[in-house]
Amino acid sequence: MGFLDILLGRSKPAAPDLDRLFGLPSAAVTLQAAAGFTPTGTGAVCFATVEGAAFADAHREVRDLLDADTGRTGSPVELARDEYGYSWLVSHRAPDDLPALVSDLHAVNTTLESTGFGPQLLCSVVAFEDGGKRRLGLVYLYKRGTFYPFVPLAGEGERRDNALELQVKAALAGDLRIEQDLARWFPIWGAPGL
């Protein structure tokens, strides 16, 4: 950052640190103990919709990379679009195999970043549930390098459980780098697994 940037109040955005995703398995233990939520086995990477041959090649590269996992059954990663026009690369694993799911998300992010689609990356989310009643997503903001909880209220339209989100924030503060600016806790309505 230069002197003029300091005078004009411009700041340099934090660089994403995808290795922070690997903190999710230990955070999941804390989340289960503090609030009773366990992984569902679904995770996804969200990005601004991209078309064209370059993206098709990157998507094929992700599929080939994840297909190399001989323990996987079914499709390694599926492409979905939500009603807001964002694209999601979704991975499914056994609920008790969170480390493999996190590795999938890391591989998807890294591949898209290395093939020039880093600016389109928005977030990654891992879905949790508490006995099937409530869903919770731990969201990693790609451009901020931070996490936040997102808890949609089932059957309530587009409403969320802010009290539970703040409870989870407090519980996971020692495990993950939590986003402190609550205005950046964007709702991710229609996210896969939530």
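Look up a bit, the structure's there.
Enquirer: Any chance you could explain the sheet that holds strand β3 (residues 86–92) here in plain terms?
Expert: Within a sheet, adjacent strands bond to each other through the backbone by hydrogen bonds, running parallel or antiparallel. Ordered by their spatial adjacency, 6 strands build an open sheet running β2-β3-β1-β4-β5-β6, and the pairing between neighbours is antiparallel. Where the open sheet ends on each side, the last strands, each with one partner, are β2 (78–81) and β6 (146–150). Each adjacent strand pair in this sheet contributes to an overall mean axis angle of 25°, direction not counted. Pairing geometry for strand β1 (residues 38–48) and β3, over 7 bridges, is antiparallel. Residue G43 lies in a different strand from β3, and its bridge partner there is S91. Where helix α5 (residues 162–172) meets the sheet, its contacts fall on β5 (135–141) and β6, and the angle it forms with β6 comes to roughly 145°.

Enquirer: Before we go on, may I ask you to explain the side chain of R93 in this structure?
Expert: Mapped onto the elements, R93 comes out in the loop between β3 and α4 (98–117). Classification of R93 by relative accessible area gives buried; the value is 15%. Separated by 2.9 Å, the side chains of R93 and D104 make a polar contact.

Enquirer: Would you mind going over the side chain of D161 with me for this structure?
Expert: Take D161: it is sitting in the loop between β6 and α5. Although buried, D161 forms no salt bridge, and the nearest oppositely charged side chain, R134, lies 4.1 Å from it. Residue contacts for D161: discarding those within four places in its chain leaves R134, V151 and L153.

Enquirer: I tried to follow the nonpolar core on my own but got confused; where do I start?
Expert: Generally speaking, soluble globular proteins have nonpolar side chains that are buried together. Counting 53 residues, the largest nonpolar core has L31, W88, L112, F128, L138 and I188 as the members making the most contacts within it. In terms of residue count, α4 provides more of this core than any other element does, 8 residues in total. Excluding residues that lie within four positions of it along the chain, I188 makes contacts with W88, C123, V125, V139, Y148, F150 and L194.

Enquirer: Looking at this model, I keep getting lost on helix α2 (residues 24–35). Mind explaining?
Expert: In an α-helix, one turn spans 3.6 residues, which is why side chains three or four residues apart end up on the same side. The terminal C-alpha atoms of α2 lie 15 Å apart, and with 12 residues this matches the ideal 16 Å at 1.5 Å per residue to within 8%. Residues of α2 that are buried make contact with β1, α4, β4 (121–129), β5, β6 and α5. The positive-phi residue at the C-terminal boundary of α2 is G36, with phi of around 80°.

Enquirer: In this structure, what is going on with the packing of aromatic side chains? I would like to understand it.
Expert: Any aromatic ring pair is given by two values, namely how distant the centres are and how the planes are angled relative to each other. All chains considered together, the criterion is met by 3 aromatic pairs. Relative to F147, the ring of Y140 has its centre 5.0 Å away and its plane inclined at 55°; by these criteria the two rings are tilted. The residues Y140 and F147 share a single accessibility class, namely buried. Where Y148 meets W185, the ring centres are 5.9 Å apart and the plane angle is 20°; that geometry is what we call stacked. Linking Y148 in strand β6 with W185 in the segment after α5, this pair joins segments that are 37 residues apart in sequence.

Analysis parameters
- Residues numbered from 1 in each chain as written.
- Predicted model: local features only at pLDDT ≥ 70, side-chain atom pairs only at ≥ 80, totals over all residues.
- Heavy atoms only, no water.
- Pairing = 2+ DSSP bridges.
- Helix = DSSP H or I, 4+ residues; strand = E, 2+ residues; numbered from the N terminus.
- Axes fitted to C-alpha atoms, helices over the stretch in contact; angles between N-to-C directions.
- Contact = heavy atoms within 4.5 Å.
- Buried < 20%, exposed > 50% of the residue type's maximum accessible area, 1.4 Å probe, protein only.
- Polar contact = N/O pair within 3.5 Å; in protein donor to acceptor, adjacent residues only side chain to side chain.
- Lys, Arg positive; Asp, Glu negative; His and termini not counted.
- Salt bridge = Lys/Arg side-chain N within 4 Å of Asp/Glu carboxyl O.
- Core = buried A, V, L, I, M, F, W, Y, C linked by side-chain atoms within 4.5 Å.
- Expected span 1.5 Å × (residues − 1).
- Phe/Tyr/Trp six-rings, centres within 6.5 Å; stacked < 30°, edge-to-face > 60°.

Worth remembering: the numbers are spatial, not functional.
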